[in-house]
Amino acid sequence: MRIPWRLLLFVTVIGYLGALILVPISAIILRVADAGFATVLAQLGKSEALHAMKLTAILSTLAVVINGLFGIMAALVLVRQRFWGRKLLDTIVDLPLTVSPVMTGLAFLLIFGRAGWLEAPLEAANWKVTFAFPGLVIATLFVTLPFTLREVAGVLVEVGTTDEEAAVTLGASPWQTFWNVTLPNIKHGLACGVTLTLARALGEFGAVLILGGAISGKTQTATTFIYAATEERKEGAAFGMALLLAVVSMVVLGFLEWLKAPRKEN
Amino acid sequence: MTIRIDNLTKRFGEFAAVDNVSFEIADGELVALLGPSGGGKSTILRIIAGLEDADAGYVELGGERVDHLHARLRQVGFVFQHYALFKHMTVGENIAFGLKVQGVERAEQRRRVNELLGLVGLKGLDGRFPHQLSGGQRQRVALARALAPQPRVLLLDEPFGAVDAKVREELRRWLRRLHDELHATTLFVTHDQEEAFSVADRVLIINKGRLEQQGTPLEILDEPATEFVARFVGEVNTYDTVVHGGRALVGGLDVPVLHQQDNAAIRLVIRPYDIKLFRVETEGLATANRVLPIGDRVRVEATLHGGQPIVAQFPRRSSLLRGVEVGCRLGVEITHSRAYPVVQ
C-alpha cells in the first residue's frame, strides 16, 4: 500500500497546532462560558482587576513610545555609523530576547533593591523603584527593547542611503531628510516593531513579578493578576482576564498580519 | 558654472579609488567621465557633490573652493543610477522636493514643476507614482527633480545604465538636445564608450583612479594617449616589435613608426578599420580564416605570414571584399597605426 505522506504531514501539523494553540484557547473560552459571562464581567469590573488592566495599558504604551523612539535612533546608529565595538553592541541589544525575564528582574534587584548599588542615593531622594511603578517600567522597557530596533534596522539595510543622499543634494536639512524620506521608507518596519513591542509588553510576567512584586491594586499587572487570581482560586477572574489578554493579543496579531500582507507600493 | 578639481585623491583603506586627478570643465560644457567599472569615476562625482570627502586635493565650483560646504549647500544637481526617486511621493512631489525644502512658495513650486514636466516631456503625469512609470520616464523625473532648484552644475552617475538598449539610445539623444537648450554645465559618468562619444563635447578617460586622457571624442579615437585608452575605446590589433630606421616589421608587414627611438621595443596598435585586406593570387602577406558579416559591416579574421592574427573590418558592400573567402591569400595595407613604448 502507498503511504499517503502528504496527508500524514498535514494531519501531524494540524494536530500539533490544535493541541498547542486551539485547545487551550477554546478551554479558556468554554471555562468563561461555564462560569457565565456576566459573573466574569462582574469580576473584571472590580477595582483590583481594573487597576491591573490600566497598569498594563500604561506600561504597554510607555514601552511602545519609548522603545519606538529609541529603536529608531539605535537602528540608525547601528546601521549607518561605523565605530569600534559596533558588532558587540549589535549583539548585546538582542540580549533581552534570550535572557530569562526572571533573571532580568533579579539583576535589576541587585541594582535598585535592598543592599543594591543604588539603594542609598535612591533612599536619599526618597524614590522607590522596586515594588513600585518605576520598577515595572524598567522591567517592561528591558524586555521590549530589541523589537523596534531589529525591525527598523532590517529595513534600513534594505533601503540603503541613496534616497537620503538625493534629498541632501536637493538641499534638505537632516531633519527634513529624516521626516520626508527616511521615516516614510522605514514606516512598515516601524509599525511591525511597534506591534511586536506591544504584544511583548502585554504578556510580560517574570520581570514585572520580580521587580514589581505584584502588589494587588498597586503593582499588579494583567498577567500577575491572573497568577494571583489562580493562586486564590478566583477562577472566574483569572479566566476572564486571560480571555481579555488573548483577545487583545489576537487583535494585535491580526494587525501585524495586515501590515505584512503584500500590497502595492506607492 | 565651471568645475575644477585639483589633485584629488580618495583612498578606501589601502585602495586608491581616486589617485591625484585634476581637470577643469568650462561653463556650459557637457563632459563624460569614461572608464571601466570600479575605476573611480563615480567617486569623483560624489566628491564634487559633497557626498564623499576627499583625502587630498580640492573641488572648485565657479572658481570658489567648496570643500567646506556641506552637500546640501553646494547647489549641485545629482542624478543617481537607479533614479532614487521617493517612492511614496508623486512625480509632482518628487520634482517639487528641492523647492519645498528651501521654502519656495506653493504657487511657484507648481509653476516650476509644470515647466519642468514640459521640458522633460512628461506633461500630465505629475499625479503618478514612480512605480507607475517606465524606466526611461523615471530617469526623466530624476533629471527634472535635480534641475528644479536650478543647480549650478549637473552631475549624472551612469544615467542610462538601468534602462534597456533602445530607450538608452533615445535618452542619449534627448539629453544632448536638452543640454543644447539649457547649457547647464554637465558631467556624467559612463562605462559605455558609445554613450560618451555620442553625447559629450569632451571625454575624460579614467582608469584605476587616474586620468588617462582628456579630449574631444575624435582626439581620443584617433590619438589615444596610452595603450589602455586605445584598447578601451574600440577593438585593436596589437603587435610587439622593435623600431628600425623609423619602421617596424610585423610578419611580412612593414609599418612606418613616428616619434619612437631606434631599437626601442614598441607595441603597435592598429584598429580593424585602419586595415585594408584584398585578395591576391600571388604569395600575399596573410591568409583569411573567417569572413563574418555583422549587420552593416563585415569582419575578416586572418593570419599574417609570421603567425600573428589580424582582424579587419569593412563596410558590407566594400569593393575590397570582392573574392575574399576562407583560405584565400590576402594583400595587407595599414592606413593608420599608433606605437606605444613597451614598459618593462
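If you're wondering where the values come from, they're calculated on a predicted model, not measured in any experiment.

Caption draft 1: Seen up close, the overall build of chain A. When helices and strands are tallied, chain A shows 14 helices and 0 strands. Along its sequence from the N terminus, chain A presents helices and strands in the succession α-α-α-α-α-α-α-α-α-α-α-α-α-α. C-alpha atoms of chain A, sized along the principal axes, occupy 75 × 65 × 35 Å. Per-residue burial over chain A gives 36% buried out of 266 residues. Sequence separation of at least 24 residues holds for 78% of the intrachain contacts in chain A that already meet a minimum separation of 6.

Caption draft 2: How the structure looks around helix H10 (residues 162-169) of chain A. Burial analysis of H10 of chain A places 7 of its 8 residues in the buried class, which makes it a mostly covered element. Within the span of H10 of chain A, buried status applies to Asp 163, Glu 164, Glu 165, Ala 166, Ala 167, Val 168 and Thr 169 of chain A. Check the buried side of H10 of chain A and you find it contacts helix H9 (145-159) and helix H11 (174-203) of chain A together with helix H1 (41-49) and strand E6 (76-79) of chain B.

Caption draft 3: How the structure looks around the interface of chain B and chain A. In this assembly, 20 residues from chain B lie in contact with 15 residues from chain A. Every element with two or more residues in the side of chain B that touches chain A is listed here: E6 and helix H2 (91-101) of chain B. Examining the composition of the side of chain B that touches chain A, we find that 3 residues originate from one element, H2 of chain B, more than from any other. Its residues assigned to classes, the side of chain B that touches chain A comprises 12 nonpolar, 5 polar and 3 charged.

Caption draft 4: Just the sheet that holds strand E10 (residues 210-215) of chain B, in detail. Residue and element names in this part refer to chain B. Reading across the sheet, the 6 strands line up as E6-E7-E8-E3-E9-E10 and stay open at both edges, with mixed pairing between neighbours. Of all the strands in the sheet, the pair left with one neighbour each is E6 and E10. Recorded for the sheet is a direction-independent mean angle of 20° between the axes of neighbouring strands. Here 5 bridges tie strand E3 (residues 30-34) to strand E8 (residues 186-190), and the two strands are oriented parallel to one another.

Caption draft 5: View of the environment of Val 120 of chain B. Residue and element names in this part refer to chain B. Among the structural elements, Val 120 can be located in the loop between helix H3 (106-119) and helix H4 (135-147). The sequence separation of Val 120 and Gln 132 amounts to 12 residues, and the corresponding C-alpha distance is 17 Å. The contact partners of Val 120, leaving out residues within four places of it in the chain, are Arg 140, Leu 143 and Ala 144.

Caption draft 6: Region of interest: H3 of chain B. All names here are of chain B. Taking 1.5 Å as the rise per residue, H3 with 14 residues should run 20 Å; its terminal C-alpha atoms sit 20 Å apart, in good agreement. Turning to H3, its buried residues number three or more, namely Gln 109, Arg 112, Val 113, Leu 116 and Leu 117. The buried residues of H3 all sit within an arc of 140° when viewed along its axis, so they share a single face. Across H3 from its buried face, at more than 90 degrees, point the exposed residues Ala 107, Glu 108 and Gly 118. Lining the buried residues of H3 we find H2 and H4. Following H3 by one or two positions, Gly 121 has its phi on the positive side, about 70°.

Caption draft 7: A look at the domain arrangement of chain A. Residues and elements named next belong to chain A. With domains assigned, chain A is organised as domain 1 (1-35) and domain 2 (37-260). If you average the C-alpha positions of domain 1 and of domain 2, the two centres end up 31 Å apart. Contact residues are listed per partner, giving 7 residues for domain 1 and 10 residues for domain 2. Of the residues assigned to the side of domain 1 that touches domain 2, the class counts are 6 nonpolar, no polar and 1 charged.

Caption draft 8: The arrangement of the nonpolar core in detail. Counting 101 residues, the largest nonpolar core has Ala 32, Ile 48 and Leu 155 of chain B as the members making the most contacts within it. Not counting the four nearest positions on each side in its chain, Leu 155 of chain B is found in contact with Leu 45, Ile 48, Ala 49, Val 76, Gly 77, Phe 78 and Leu 187 of chain B. Counting 47 residues, the second largest nonpolar core, distinct from the first, contains Ala 63, Val 194, Ala 201 and Ile 226 of chain A.

Caption draft 9: Geometry of the sheet that holds strand E5 (residues 64-65) of chain B. All names here are of chain B. The strand order across the open sheet built from 4 strands is E2-E1-E4-E5, with neighbouring strands paired in antiparallel fashion. Looking at strand neighbours, the two that pair on one side only are strand E2 (15-25) and E5, the edges of this open sheet. Bridge count between strand E1 (residues 3-12) and strand E4 (residues 56-61): 5 bridges; the pairing is antiparallel. The residue bridging Thr 9 from the neighbouring strand is Ala 56, located in E4. Running at roughly 115° to E1, H1 makes contact with E1, E2 and E4 of the sheet.

Thresholds, definitions, all that
- Residues numbered from 1 in each chain as written.
- Chains lettered and ligands numbered in written order.
- Predicted model: local features only at pLDDT ≥ 70, side-chain atom pairs only at ≥ 80, totals over all residues.
- Helix = DSSP H or I, 4+ residues; strand = E, 2+ residues; numbered from the N terminus.
- Buried ≥ 20, exposed ≤ 12 C-beta atoms within 10 Å, placed from the backbone.
- Contact = placed C-beta atoms within 7 Å.
- Nonpolar A, V, L, I, M, F, W, Y, C, P; charged D, E, K, R; others polar.
- Pairing = 2+ DSSP bridges.
- Axes fitted to C-alpha atoms, helices over the stretch in contact; angles between N-to-C directions.
- Expected span 1.5 Å × (residues − 1).
- Arc of directions from axis to C-beta.
- Domains from an automatic or database assignment.
- Core = buried A, V, L, I, M, F, W, Y, C linked by C-beta atoms within 7 Å.

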